[in-house]
Amino acid sequence: MTYPTQSYAAFSPTTPLASHSFERRELRADDVLIDIMYCGVCHSDLHTARNDWGFTHTYPIVVGHEIIGRIAKVGDNAHKFKVGDLVGVGCMVDSCRTCSPCSHGLEQYCEHGNTGIYGSLDRHDGTLTQGGYSTSIVVSEDFVLKVSENLDTQAVAPLLCAGITTYSPLRYWKVGKGTKVGVVGLGGLGHMAVKLAHAMGADVTLFTRSLGKSDDAYHLGASRVVLSTDENQMKEVASTFDVIIDTVPYTHDLKPYVPTLALDGTLVLVGLVGELEQTINTVPMIMGRRSISASVIGGIAETQEMLDFCAEHNIVPDVEMINMQDINTAYERMQKSDVKYRFVIDMGSLRG
């Protein structure tokens, strides 16, 4: 038994997303069927739909990797959830499950490549995976997450990407009370980095090119805002930060930020996908044993930990709700940074 699904899909790199009907697969023994309620909108969705990264080889493609919904049906051997449970699905729907990263709960770094929620080939039948801009999804229960009913359900979805993308490096670099954290950029990722680091007890500074974001930054939990284009302000925070989370999604100069790291500090790239075109000067790195690193989403266990942490601290992203039919306008606005701070699609708009 397959499941008729309504969606919006990209039919080419250059045309707007449009209505698309398709069939979700029948349930395998460990699968669950989820009725999707809400789906977040990520820059990665736009880049994939338009093939900006050169990874999109097959159209039509249904994007969306920040899903909140309720269990509608469970497979014969699926026992982690029951019908009606509130759940989430993020960027992955499978991995090899046996390599070293997978066995350590780091499925995002699967040595054989994790199976993305869209644009990947299913490991069992070779079909193209399709994402969350749709009314339902079928996925292995092992890649489904429990969501607290106490959180604002409409706002939870971006935690499945923006939330875990910033939570994972904060946890890996042991951010806690007294840690000095810098955040570069105050978009979908950046505002979550500020919220999460503040909740962990860190002293948070926002680096920005626009002081117009200062009020928002303080409201979200930052204790300081530094204009990154002001040399004097940057000198004032030299040798300060234990961790800097850089959320900027395009190529930019990292050199001004490295000297602001404390001894053994690390600058972590979470927004940029692609080459660093600027030369990195190693002198300030050598003189402070400083590092530049990168991180991508998180494993399933860590993502569940993040959701539980957010439930404990009542943390959700700041979102703007839209109907599915407004996605192309949302993409245009997103490119202009005209959203605070994440769009979320109400999938009820597809059900009419």
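A brief structural summary. Please read these numbers as outputs of a predicted model, since none were measured by experiment.

Thresholds applied
Residues numbered from 1 in each chain as written. Predicted model: local features only at pLDDT ≥ 70, side-chain atom pairs only at ≥ 80, totals over all residues. Heavy atoms only, no water. Helix = DSSP H or I, 4+ residues; strand = E, 2+ residues; numbered from the N terminus. Rg over C-alpha atoms; globule rule 2.2 N^0.38 Å. Contact = heavy atoms within 4.5 Å. Areas by Shrake-Rupley, 256 points an atom, 1.4 Å probe, with all protein chains shown as cover. Lys, Arg positive; Asp, Glu negative; His and termini not counted. Charge placed at Lys NZ, Arg CZ, Asp CG, Glu CD. Expected span 1.5 Å × (residues − 1). Buried < 20%, exposed > 50% of the residue type's maximum accessible area, 1.4 Å probe, protein only. 1 Å grid on protein atoms, 1.4 Å probe; cavity = no way out; pocket = protein on both sides within 12 Å on 5 of 7 lines; lining within 4 Å. Points joined across faces, edges and corners; volume = space filled by probe spheres on them. Nonpolar A, V, L, I, M, F, W, Y, C, P; charged D, E, K, R; others polar. Phe/Tyr/Trp six-rings, centres within 6.5 Å; stacked < 30°, edge-to-face > 60°.

**A short note on the overall build of the protein**
- Secondary structure summary: the protein contains 11 helices and 17 strands in total.
- Its C-alpha atoms give the protein a radius of gyration of 20 Å, near enough to 20 Å, the size a compact globule of 352 residues would have.
- Along the three orthogonal principal directions, the C-alpha set of the protein runs to about 65 × 40 × 35 Å.
- Look at the contacts in the protein between residues 6 or more apart in sequence, and 67% of them connect residues 24 or more apart.
- When the accessible surface of the protein is summed, it comes to about 15,400 Å², and 49% of that surface belongs to carbon and sulfur atoms.
- Averaging the coordinates of the 28 positive side-chain charges in the protein and doing the same for the 41 negative ones gives two points 4 Å apart.

**Points about helix α5 (residues 188-199)**
- Between its first and last C-alpha, α5 extends 17 Å over 12 residues, near the 16 Å set by a 1.5 Å rise per residue.
- Counting buried positions over the 12 residues of α5 gives 10, a clear majority of the element.
- Positive backbone phi, approximately 100 degrees, marks Gly-201, located one or two places after α5.

**Topic: the layout of surface pockets**
- For the second largest pocket, the calculated volume is near 400 Å³.
- Lining of the second largest pocket is provided by 24 residues; of these, Arg-25, Asp-122, Thr-127, Thr-129 and Val-138 occupy positions nearest its centre.
- Elements with a contribution of two residues or more to the lining of the second largest pocket: β2 (18-24), β6 (92-94) and β8 (136-140).
- Take the lining of the second largest pocket: its biggest share by element is 4 residues, from β8.
- For the lining of the second largest pocket, the class distribution of residues is 7 nonpolar, 6 polar and 11 charged.

**Observations concerning the packing of aromatic side chains**
- Within this structure, the stated rule accounts for 5 aromatic pairs.
- Their ring planes at 50 degrees and their centres at 6.2 Å tell us that Trp-53 and Phe-55 sit as a pair that is tilted.
- Overall, Trp-53 belongs to the partly exposed group, its relative accessible area being 29%.
- Its relative accessible area of 56% is what places Phe-55 among the exposed residues.
- Plain terms: the ring middles of Tyr-172 and Trp-173 are 4.7 Å apart, the flat faces sit at 80 degrees to each other, and that makes the pair edge-to-face.

No statement about biological role is implied by the geometric values presented.
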